[in-house]
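Fold and contact review
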Amino acid sequence: MAKVTRPLFSDEARGSIAGLGSFRMGAHGPQFITPVKTRKAEAQPRPAIRDKFAEAKAAHSAIVPERIKVKGEWRDIRLPRWPEFWRQWLIDHP
């Protein structure tokens, strides 16, 4: 919420107004700043590679991890590792 720092209808304010923008004091008086548009604000379709990535990540997570001893410590590791799995997934699912 914007805060008026002088009497009502004054020339000074700071803060934001309901996501529309915000006020700040500049060198020449108050300035209204609009927020920059982010990727989510843009109305463009989602890239197809993101859908493939999400599907491949779900398939990789479904692999049961194997217990392997590494330097005297037991670790649960999914084989194949993610980079190799992703490369093969792109080849198998064009």
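A short tour of the structure in this document, coming up. Please read these numbers as outputs of a predicted model, since none were measured by experiment.

Re unusual backbone geometry
- The residue after Leu 79, namely Pro 80, is reached through a cis peptide bond having omega 0°.
- With respect to the helices, strands and loops of the structure, Pro 80 is situated in the loop between strand E6 (73-77) and helix H2 (82-92).
- One non-glycine residue with positive phi stands out, namely Lys 71, at about 50°.
- Looking at the secondary structure, you find Lys 71 in the loop between strand E5 (66-70) and E6.

Remarks on the packing of helix H1 (residues 48-61) against H2
- Following both chains from N to C, one finds H1 and H2 inclined at 125°, their axes separated by 10 Å at the closest point. Considering the angle they form, H1 stands oblique to H2. In this structure, H1 crosses over H2, and the sense of that crossing is right-handed. Residues Ile 49, Lys 52, Phe 53, Glu 55, Ala 56, Lys 57, Ala 59 and His 60 of H1 pack against Trp 82, Phe 85, Trp 86, Trp 89 and Leu 90 of H2.

A short note on the packing of aromatic side chains
- Applying the stated rule across the entire model yields 5 aromatic pairs.
- Between Trp 82 and Trp 86, the aromatic rings sit 5.7 Å apart at their centres with planes inclined by 20°, giving stacked as the arrangement. Of the two residues, Trp 82 and Trp 86 both sit in helix H2, 4 residues apart, roughly one turn of that helix.

Details of the side chain of His 60
- Mapped onto the elements of the fold, His 60 is located in helix H1.
- Setting aside chain neighbours within four positions, we find His 60 in contact with Arg 78, Pro 80, Arg 81, Trp 82 and Phe 85.

Looking at H2
- Buried within H2 we find Trp 82, Phe 85, Trp 86 and Trp 89. All buried residues of H2 fall inside an arc of 100° around its axis, so they share one side. The exposed residues of H2 that point more than 90 degrees off its buried face are Arg 87 and Ile 91.
- Where H2 is buried, its residues contact H1.

Rules and cut-offs
- Residues numbered from 1 in each chain as written.
- Predicted model: local features only at pLDDT ≥ 70, side-chain atom pairs only at ≥ 80, totals over all residues.
- Heavy atoms only, no water.
- Helix = DSSP H or I, 4+ residues; strand = E, 2+ residues; numbered from the N terminus.
- Axes fitted to C-alpha atoms, helices over the stretch in contact; angles between N-to-C directions.
- Parallel < 35°, antiparallel > 145°, perpendicular 65-115°, else oblique.
- Left-handed = near helix turned anticlockwise from the far one by under 90°.
- Contact = heavy atoms within 4.5 Å.
- Phe/Tyr/Trp six-rings, centres within 6.5 Å; stacked < 30°, edge-to-face > 60°.
- Buried < 20%, exposed > 50% of the residue type's maximum accessible area, 1.4 Å probe, protein only.
- Arc of directions from axis to C-beta.

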